[in-house]
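The chain contents come next:
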Amino acid sequence: AGRIFPINPGAEEILGLKCYPTVLDVPEQIDAAIFTIPARFVSEVIEQCGKKGIKGLIIISSGFSEVGNRELEEHIVKLAHQYGMRILGPNIVGVLSNSDKFNGSFAPFLPLAGSGSLVSQSGALLIGIDASTYLRKVGFDKLISIGNMSDVSFADTIEWLNQDKNTTCISLYIEGLKNGRKVIETARKATKPIIGLKAGISVHGAAAAASHTGSLAGAAKIYKAAFKQAGIIEAENLDNLFNRTLALSLQPPMKGNNILIITNGGGVGVLATDAAEKYGVPIKFAPDDIQTELKNFMPPFGSTKNPIDLTGMAGTDWYYGSVKYAMAHPWVNGLVVLYCETAITNPQEIAGGILQAFEDSNIKNKPIIISYVGGERSEKAMHWLVEKGIPSYGAPDLAINAMAALHEYANIKESVNDIGKDFDNVDKEKALNIISKARANGRNALTEIESKQVFEAYGLPTTHFELTTTEDAAVKVANEFGFPVVMKIVSSDILHKSDAGGVRVNIQNEEDVHKAFKEIIENAKAYKPNANISGIAVQEMAPYGTEVILGSVNDGTFGQTIMFGLGGIFVEVLKDVIFRVAPFSKKQARQMISEIQGAPILAGVRGKKPCDLETLADTICKYAYMITDLKDEISESDANPVIVYEEGKGLKIVDARVILKKK
């Protein structure tokens, strides 16, 4: 809507607008420059824009890092910064903004107007989304393409859109992040809901891993954890991104766990109930007073339990009365209204009754979501409801998923700023000395004994152990510890001791110590003839308990990342593990424990007493702190197994592995 100045040395006029040979020839001040010129000319034009005093550069031009030309991309950013300019791109579609009446892109038109804003790493996808907003009836105020992110990043756009008065919800299409921690920190501070769709999660870019954690880590799991810690609501796919954007841009968060469903058909009610359980907001029976009151809006054969089935006889009056009452009731935290199109009702009139009930309830702090199942009349009624600010969907599971997003947002914002604390009684110098000695010997892996010594320096409870180099010494240590004991090979060249036949457990007497010592040495030499063998570790045999695993990887996007899960077969076969970006609080550690599928085993099942979850959560936090504190040294690590005992009896780290960063 503002002034446009075409710049081209080969033309005097373009589309009726006077053309200038350079920006320096334009007599007026310019806010932004949009580059659609070959890459080789971009540097020269940036210099001209800097001299002109332009502050924003939208570089649509391609031919930079996406084709390997990193030096040119770094050069143009450095040049822009010298003049106090910022670059969006290069290799982008551009920027579209309804509120600014601005289409600085090669997308054909502005999107359907709305209050969400989308930032996309894919230009082609952004063009497709632009057009599909009119078919989906999901509007956006801004569509922003960021391409190579040479300068302006996802974190920058989140920070800016969070201040934009025309944006109520921020949606992100992410293929990769250059600085994942900055995105987490920026998103945590945001006061608006953020939705993230991560593409490219099927392949992880890490090299072959030396630890269990490294082999189990993947983009999907780590991004899921990072989103949760950042307060970003995850979208499963593009349709889900649209659906969740619609809900989060129009409705308040759902603060509480009680969804009430009002319907005129049992089938859609059952589908909604199934979806609620799937998406983590299971339906509960409504309180007696709700059931009693809502009998006034249904025939005797209606159902008041939840879903509230008004039956196919329900007309506008019944919908109006039940919706108005339900919205105002304190038990109801979120209301989902379902409608199946019938011969005796008019979808638009039903929509009018629902909207009027919502407005007359005067409740603004709890959400309402609608789903219509029907034909063209139902579709028009839903679009009308969306225009009035009520998200509406063509299937009950979509409506429930949208409500689940509002529930996730309310819960996730409570804990995003709950980050880790420093721990006392830490001997970092001791840990660094152990690591330095290993490096001095040309090693990038610590032995089990060295790994445990590093753990102990950070207050992590390990089993007692001692390195022995002769059979007699092993017998002496075993007697001091008391039988039974465990014996293990100690070699910087053998990381997976069990694979080498280098572990013996439940050794009951001196004769077995002699036998185990010989066998372990023979197995190790057969497994790796040139292995440097330091000796045999004799270790107290920890009592039986519940096995879990702790581990860490240095993720390329988010840095130090912690894994937790059940040990044994649950790791090797079921891969029942969860991740968090370190550091984090004890509350986050408790959430990790509760999120694995095997959580009921730790909580106590079938008469088994609960495990010591408080000590476990504390240990997970200390582990995360250690990995963060030694971030320049540790690449991967495992504590596996960690044996957790009954409540109040603590835990023991039985085996440890630390892989160092190569320097």
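Structure: above.
None of the values given here were measured: they were computed from a predicted structure. (Residues numbered from 1 in each chain as written. Predicted model: local features only at pLDDT ≥ 70, side-chain atom pairs only at ≥ 80, totals over all residues. Heavy atoms only, no water.)

Enquirer: Outline the overall build of the protein, supporting the account with residue identities and numerical values.
Expert: Scanning the protein from N- to C-terminus turns up 22 helices and 27 strands. Principal-axis analysis of the C-alpha atoms places the extent of the protein at approximately 95 × 80 × 40 Å. For the protein, the proportion of its 663 residues judged to be buried stands at 54%. By sequence separation, contacts in the protein at least 24 residues apart represent 70% of the contacts at least 6 residues apart. Accessible area of the protein: about 29000 Å², with a carbon and sulfur share of 51%. Charge separation in the protein, taken as the distance between the mean sites of 68 positive and 76 negative side-chain charges, equals 2 Å. (Helix = DSSP H or I, 4+ residues; strand = E, 2+ residues; numbered from the N terminus. Buried < 20%, exposed > 50% of the residue type's maximum accessible area, 1.4 Å probe, protein only. Contact = heavy atoms within 4.5 Å. Areas by Shrake-Rupley, 256 points an atom, 1.4 Å probe, with all protein chains shown as cover. Lys, Arg positive; Asp, Glu negative; His and termini not counted. Charge placed at Lys NZ, Arg CZ, Asp CG, Glu CD.)

Enquirer: Quick rundown of the pairing of strand E24 (residues 577–581)? Include the residues and the values.
Expert: One face of the sheet, then the other: side chains in a regular strand alternate in exactly this way. Extensive coverage of E24 is indicated by the burial of 5 of its 5 residues. Covered by surrounding structure in E24 are Val577, Phe579 and Val581 together with Ile578 and Arg580, the residues of both alternating faces. In terms of strand pairing, strand E23 (residues 559–566) meets E24 through 5 bridges, oriented antiparallel. Of the residues in E24, the one forming a bridge with Met563 is Phe579. (Pairing = 2+ DSSP bridges.)

Enquirer: Outline the packing of aromatic side chains, supporting the account with residue identities and numerical values.
Expert: Centre distance and the angle of the planes are the two values used to describe a pair of aromatic rings. Applying the stated rule across the entire model yields 10 aromatic pairs. A ring pair is formed by Phe109 and Tyr134, whose centres lie 5.7 Å apart and whose planes are at 90°; its orientation type is edge-to-face. Pair noted here: Phe109 is in the loop between strand E7 (102–105) and strand E8 (116–120) and Tyr134 is in helix H3 (residues 123–136), with a separation of 25 residues, a long-range link. On the numbers, 5.6 Å between centres and 75° between planes, the contact of Phe455 with Tyr623 is edge-to-face. Of the two residues, Phe455 is situated in helix H16 (residues 448–457) and Tyr623 in helix H22 (residues 613–629); the sequence distance between them amounts to 168 residues. Both residues of the pair, Phe455 and Tyr623, belong to the buried class. Ring pairs connect the aromatic residues Tyr223, Phe227 and Phe558, which therefore count as one cluster. Over the aromatic face of Tyr223 sits the side chain of Lys198, whose NZ or CZ is 4.7 Å from the ring centroid. (Phe/Tyr/Trp six-rings, centres within 6.5 Å; stacked < 30°, edge-to-face > 60°. Lys NZ or Arg CZ within 6 Å of the ring centre and 35° of its normal.)

Enquirer: So what's going on with the layout of surface pockets? Residues and values would help.
Expert: Taken as a whole, the second largest pocket holds about 1000 Å³ of empty space. Put simply, the parts of the chain that give the lining of the second largest pocket at least two residues each are helix H7 (219–230), strand E12 (232–234), helix H8 (238–250), helix H14 (396–415), E24 and helix H20 (586–595). Looking at the lining of the second largest pocket residue by residue, the class counts come to 14 nonpolar, 7 polar and 14 charged. (1 Å grid on protein atoms, 1.4 Å probe; cavity = no way out; pocket = protein on both sides within 12 Å on 5 of 7 lines; lining within 4 Å. Points joined across faces, edges and corners; volume = space filled by probe spheres on them. Nonpolar A, V, L, I, M, F, W, Y, C, P; charged D, E, K, R; others polar.)

Enquirer: Residues and numbers for the side chain of Ser65, please.
Expert: Structurally, the position occupied by Ser65 is in the loop between strand E4 (56–59) and helix H2 (70–82). Dropping the residues within four chain positions of it, Ser65 is found in contact with Arg70, Glu73 and Asn148.

Enquirer: For the sheet that holds strand E20 (residues 503–507), give the residues involved together with the corresponding values.
Expert: Taken in spatial order, the 4 strands make up an open sheet running E18-E21-E19-E20, and their pairing is antiparallel. Of all strands in the sheet, those bounded by a partner on one side alone are strand E18 (465–468) and E20. Strand-to-strand twist in this sheet, taken as the mean axis angle between neighbours without regard to direction, amounts to 25°. Sheet analysis places strand E19 (residues 485–491) next to E20, joined by 3 bridges and oriented antiparallel. Looking at E20, one finds that Lys488 is bridged to Val503. Running at roughly 150° to E18, H16 makes contact with E18, E19 and strand E21 (533–540) of the sheet. Of the strands in this sheet, E18, E19, E20 and E21 are in contact with helix H18 (residues 510–527), which crosses E19 at around 30°. (Axes fitted to C-alpha atoms, helices over the stretch in contact; angles between N-to-C directions.)

Enquirer: Before we move on, can you summarise the sheet that holds E4 with the specific residues and values?
Expert: Taken in spatial order, the 3 strands of this open sheet run E3-E4-E5, and their pairing is parallel. The sheet is open, and its two borders are formed by strand E3 (32–35) and strand E5 (86–88), each paired with just one other strand. The sheet shows a mean angle of 20° between the axes of neighbouring strands, direction not considered. One ladder, built from 4 bridges, connects E3 with E4; its direction is parallel. Residue pairing across strands places Ala33 opposite Leu57, the latter belonging to E4. The sheet strands contacting H2 are E4 and E5, and the helix crosses E5 at an angle near 140°.

Enquirer: Lay out the packing of H3 against H8 with the relevant residues and their values.
Expert: If you want to describe how two helices pack, look at the angle between their axes and the distance between the axes. In contact at an axis separation of 12 Å, H3 and H8 are set at 55° when each is read in the N-to-C sense. One element, H3, and the other, H8, form an angle in the oblique class. Crossing handedness for the pair H3 and H8: right-handed. On H8, the residues touching Leu125, Ile129, Ser132, Thr133 and Arg136 of H3 are Leu238, Asp239 and Phe242. (Parallel < 35°, antiparallel > 145°, perpendicular 65-115°, else oblique. Left-handed = near helix turned anticlockwise from the far one by under 90°.)

The values reported here are purely geometric and, on their own, carry no functional implication.
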